Amino acid sequence: MTAQQFERHAHQFVRVAADHRQCVKAGIMGVADDHARVYVVLSVEMPLPYASKGSSPNGVKLQERVEIRIAADYPWKSPSFFLREDFPRDLPHLSAGGGKSLPRPCLVDGSIDEYFSSFGLVEIGILQLLSQMAVWLAKAAVNGLMDPEHGWEPVMRHNLDDVVVVDPAAVRSRVGRDAGAVWLRSDFFRYQSGQGRLSGDEVYLTINEELAASVGKLGTFPFDINVSAAGHPYGKTITAVFWAADNVTAKTIFPETIETLEDLAARAKEFGFGPAFDAFLRRLEERWESATWTSQGSLPIGVIFCARRPFKLIGRDSSIELLPYVFDVSPRKKRENLYQGPSGRRAVAARQVDKVSSTLLRTVSASADLGKIALIGCGSVGSKVGLHLARAGATITVLVDKGILQPHNMARHALVRDVLPLAKATELASELSKLGQKPQVYLDDAARGLAQAANRTKIAPAGTSSIVNTTASLLVRDALSIVPPADFPARVTEIALFGRGKGAFVLHEGLGRNPTLADLEVELSAKATEVESALLFDEKFGLTEIQIGDGCGSLTMPMTDARLSAMSAAATEVLADFISQDAGGGIIAVGTQDANSPTTTWRSFAVPTMITVPVDGADWTLKISADVDRRIREEIAVYPHVETGGLMVGACSARTKTITVVDLLPAPPDSQRSSSLFVLGKQGLKGAVMERHLKSGKRLLDVGTWHSHLAEQGPSPTDWCTAKDLAGERSPPAVLLIATPSGYCSIVHDPSR
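Here is a short report on the structure shown in this document. Values in this document were obtained by computation on a predicted structure and should not be read as measured data.

**A short note on the overall build of the chain**
Looking only at helices and strands, the chain features 19 helices and 36 strands. Taken over the C-alpha trace, the chain has a radius of gyration of 36 Å; the compact-globule value for 753 residues is 27 Å, which it surpasses by more than 25%. C-alpha atoms of the chain, sized along the principal axes, occupy 105 × 70 × 60 Å. A buried classification covers 50% of the 753 residues belonging to the chain.

Set out below in structure tokens:
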């Protein structure tokens, strides 16, 4: 942009500003080749007693002159607003700036550039910014820029170049009742923002939670300076944290005019820990006097002042505000003192940035606290689910997977690695460590591990509240379904994709492991819609042998990474909702992709606690869904004076020794009912059984019969004969369920016993 263009923009701004109702005067201050400066004098609305004196008690004048700077990227970016040099700086919503630069008000919540650009016409944007400036000044005049119920407004530091990265909760946890200080190990990196105190001299300081000794030999310090290939100095240093006693409250907002160590020492005194800061500077220099280690570079030192505010900070659960600063020391040969060098005794305010932590990620994600989660399965789905959960602020306690990453995994896995093979769980743990996670790794078979009490604590360490199974393994699902809740109390959820990524389901077990994952999978087979059934059970959508090398194949489900990612992400959101709801019973959610569209439609339904019935005559357990129980009782109500019955549909597992009943077939028309006997007919029965079997993708079977007793009577000799006949007709176990007025009993004839 040329000077002529800047002049045109300046004239436009002044012309528009003159039309603002609170503009007393406007004019051009100067035009250069890279910017233009204009000013506006605004009439400030304030109470009559203040106005009669020409200013408010805190120093805001009845008419305030505001300087506006128009930079080269205008009108793509907003003009910048500055107040007079002697404007009161002990106000919130004032940017820290650098040193004693002009104070800069914060006019909008968010990006001022986006706000300015939200108005189609530049003229409207100018008027809106001036209105924001006028409102800001009016609130400043009556100390109304901060609302105690809203929270304490931290000093504005978003435009500072030097950065201190810290876990605020960890630092605040070190602040005690009495005054004190602590030195923390830190890593630094110098970078070039183009607008810092010295070109290429800005500091990015990351504070670790590890203590750095403040006394003793210098060798215990983590001081070090290196230079990267790009020429940027980096290394190790310290950050000193200071706080006053808990009866010292910092009610004043001090202006960020810090430029020297003397300024910093004066500020420490104002906060109530001046002697401690002075001692820190002396001790630091004394430690260096006997040091043999030197460097030609300057070493940044971090400082954090902890100010106890009158009430909690906005968005924080603490009233302690962290105010970070940075200054340089020069461990050079032939130095006269530690504070020599290009920066001398210069100190600058720094921008505080939260370190990656579960709290930060949860806040950014607007996620509920999902607690501690163990992840079983670190493949394509598991790796994406794990990262989604970690980025939502969940704590991943352990990663379970015996597999290794191979080249074909790169098509869909969340991790990209050029050196293979590598353990999936170990590599995912390494990735999660960058998000502040420290998960353990279990590299053995999950199903076998769950069978051994000693390994269960490795799969779900103490404190783990949820288990997420993404293996799509029937063996793992069954193992998770039979592990005793007392030995394995974490609640289990399963996420799986089907139909080549066109479908996904989430199974969330009930409290006390009732219903289990295995129960829920059977329930899903019974309740699947026509579309879901096609994707779940049609062989063309199932697993396919994929060639991964000459003579080598892998059984997998072909789909794009985008499809797998979309379904995994949606399933993770469903999982998060289930964990947050903490419902008593089980829940099933199913998502299917709409035809000719990437949109996925989800539905969910509750699966209440199932009725568990011991099976007499065999080492099996019968489980009846709440829906089946309801239908049995409704059938009995239709025939209150005679015995009635029907056929039970469900699934059996020889591994878990469980029969799960999720559906009923009505008694054929040739069935016989009397007050002492029910005989199940045969007319159309085989056809009905086969139809139900095929509709469920051959998942659901005829698992036995049921009939009612009019009194509280257990199995009769006739019932045992019937059980024997059932065992001869069907593969074991063929269960016979008896419904009494108040409950159930069941029997099985086992020829081997």
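Next comes the rest of the description.
**Focus on the state of the cysteines**
Evaluated as defined, the whole model comprises 0 disulfides. Its sulfur unpaired, Cys-721 is 16 Å from the next cysteine sulfur, which belongs to Cys-745. Since its relative accessible area comes to 49%, Cys-721 is described here as partly exposed.

**Describing the environment of Glu-285**
Take Glu-285: it is sitting in helix H7 (residues 274-289). Residue classification places Glu-285 among the partly exposed positions, given a relative accessible area of 22%. With 436 residues separating them along the chain, Glu-285 and Cys-721 place their C-alpha atoms 96 Å apart. Discounting residues that sit within four places of it in the chain, Glu-285 has contacts with Asn-337, Leu-338 and Tyr-339.

**Some thoughts on helix H14 (residues 517-527)**
A large share of H14 lies buried, amounting to 10 of its 11 residues. Looking at H14, one finds that the buried residues are Leu-517, Ala-518, Asp-519, Leu-520, Glu-521, Val-522, Glu-523, Leu-524, Ser-525 and Ala-526. Regarding H14, its N-cap is Thr-516, as a side-chain oxygen of that residue lies 3.4 Å from the backbone nitrogen of Ala-518 further along.

**Re unusual backbone geometry**
Cis peptide bonds are those with omega within 30 degrees of zero, and the linkage from Tyr-74 to Pro-75 qualifies with 5 degrees. With respect to the helices and strands, Pro-75 occurs in the loop between strand S3 (63-71) and strand S4 (80-82). Cis peptide bonds are those with omega within 30 degrees of zero, and the linkage from Asn-514 to Pro-515 qualifies with 0 degrees. Phi angles above zero are rare outside glycine, and Asp-582 is one such case at about 50 degrees.

**A closer look at the side chain of Thr-237**
The topology assignment puts Thr-237 in strand S11 (residues 233-243). Under the relative-accessibility criterion, Thr-237 is labelled buried at 0%. At 2.7 Å, the side chain of Thr-237 forms a polar contact with the backbone oxygen of Pro-300. Excluding residues within four positions of it along the chain, Thr-237 makes contact with Leu-184, Arg-185, Ser-186, Phe-188, Leu-205, Pro-222, Phe-223, Leu-299, Pro-300 and Ile-301.

**Observations regarding the sheet that holds strand S1 (residues 23-31)**
Taken in spatial order, the 4 strands line up as S1-S2-S3-S4 in an open sheet, and their pairing is antiparallel. Bordering the open sheet on either side are S1 and S4, each of which pairs with just one other strand. On average, each strand axis in the sheet is tilted by 25 degrees relative to the strand beside it, whichever way the strands run. Here helix H1 (residues 3-17) sits on the sheet in contact with S1, strand S2 (35-43), S3 and S4, set at roughly 175 degrees to S1. Running at roughly 50 degrees to S2, helix H4 (residues 122-141) makes contact with S2, S3 and S4 of the sheet.

**Examining the sheet that holds strand S28 (residues 611-616)**
With respect to topology, 7 strands assemble into a closed barrel ordered S28-S29-S31-S30-S34-S35-S36, the strand pairing being mixed. When strand polarity is set aside, the average angle formed by the axes of neighbouring strands in this sheet is 35 degrees. Here strand S29 (residues 621-624) pairs with strand S31 (residues 658-666) via 4 bridges, running parallel. In the sheet register, Thr-621 faces S31, and the bridge partner there is Thr-658.

**Thoughts on the packing of helix H9 (residues 380-391) against helix H16 (residues 561-581)**
Contact pair H9 / H16: the axes reach a minimum separation of 9 Å and the direction vectors enclose 50 degrees. With respect to their mutual orientation, H9 and H16 come out oblique. Considering only the axes of H9 and H16, their crossing is right-handed. Of the residues in H16, those in contact with Ser-380, Val-381, Lys-384, Val-385, His-388 and Leu-389 of H9 are Asp-561, Leu-564, Ser-565, Ser-568, Ala-569, Thr-572 and Leu-575. Class assignment of the residues belonging to the contact of H9 with H16 gives a composition of 6 nonpolar, 5 polar and 2 charged.

**Focus: the packing of aromatic side chains**
On inspection of all chains with the given rule, the structure shows 18 aromatic pairs. Ring centres 5.9 Å apart and planes at 25 degrees place the aromatic pair Tyr-74 and Phe-116 in the stacked group. One end of the pair, Tyr-74, is in the loop between S3 and S4; the other, Phe-116, is in helix H3 (residues 112-117), and 42 residues separate them in sequence. Since its relative accessible area comes to 3%, Tyr-74 is described here as buried. Residue class for Phe-116 comes out buried when judged on its relative accessible area of 3%. Between Phe-277 and Phe-280, the ring centres sit 5.9 Å apart and the planes meet at 45 degrees, which makes this aromatic pair tilted. Of the two residues, Phe-277 and Phe-280 both sit in helix H7, 3 residues apart, roughly one turn of that helix. Overall, the relative accessible area of 0% leaves Phe-277 in the buried class. The structure contains a cluster of three or more aromatic residues connected by ring pairs, namely Trp-183, Phe-242, Phe-254, Phe-271, Phe-273, Phe-277, Phe-280, Phe-305, Tyr-325 and Phe-327. Over the aromatic face of Tyr-39 sits the side chain of Arg-65, whose NZ or CZ is 4.1 Å from the ring centroid.

**Quick word on the pattern of salt bridges**
The final tally for this structure, using the stated rule, is 38 salt bridges. The salt bridge involving Glu-431 is made with Lys-434; its shortest N-O contact spans 3.9 Å. Of the residues examined, Glu-431 reaches a relative accessible area of 23% and is grouped as partly exposed. Asp-487 is paired through a salt bridge with Arg-456; the nearest N and O atoms lie 3.3 Å apart. In this pair, Asp-487 is assigned in the loop between helix H13 (474-482) and strand S22 (491-498) and Arg-456 in helix H12 (residues 453-459), connecting sequence segments 31 residues apart. Judged by its relative accessible area of 46%, Asp-487 falls in the partly exposed class. Given the relative accessible area of 11%, Arg-456 is considered buried. Connected through salt bridges with shared partners, the residues Glu-523, Lys-527, Asp-627, Arg-630, Arg-631, Glu-634, Asp-663 and Arg-692 form a single ionic network.

Conventions and cut-offs
- Residues numbered from 1 in each chain as written.
- Predicted model: local features only at pLDDT ≥ 70, side-chain atom pairs only at ≥ 80, totals over all residues.
- Heavy atoms only, no water.
- Helix = DSSP H or I, 4+ residues; strand = E, 2+ residues; numbered from the N terminus.
- Rg over C-alpha atoms; globule rule 2.2 N^0.38 Å.
- Buried < 20%, exposed > 50% of the residue type's maximum accessible area, 1.4 Å probe, protein only.
- Disulfide = S-S within 2.5 Å.
- Contact = heavy atoms within 4.5 Å.
- Polar contact = N/O pair within 3.5 Å; in protein donor to acceptor, adjacent residues only side chain to side chain.
- Pairing = 2+ DSSP bridges.
- Axes fitted to C-alpha atoms, helices over the stretch in contact; angles between N-to-C directions.
- Parallel < 35°, antiparallel > 145°, perpendicular 65-115°, else oblique.
- Left-handed = near helix turned anticlockwise from the far one by under 90°.
- Nonpolar A, V, L, I, M, F, W, Y, C, P; charged D, E, K, R; others polar.
- Phe/Tyr/Trp six-rings, centres within 6.5 Å; stacked < 30°, edge-to-face > 60°.
- Lys NZ or Arg CZ within 6 Å of the ring centre and 35° of its normal.
- Salt bridge = Lys/Arg side-chain N within 4 Å of Asp/Glu carboxyl O.

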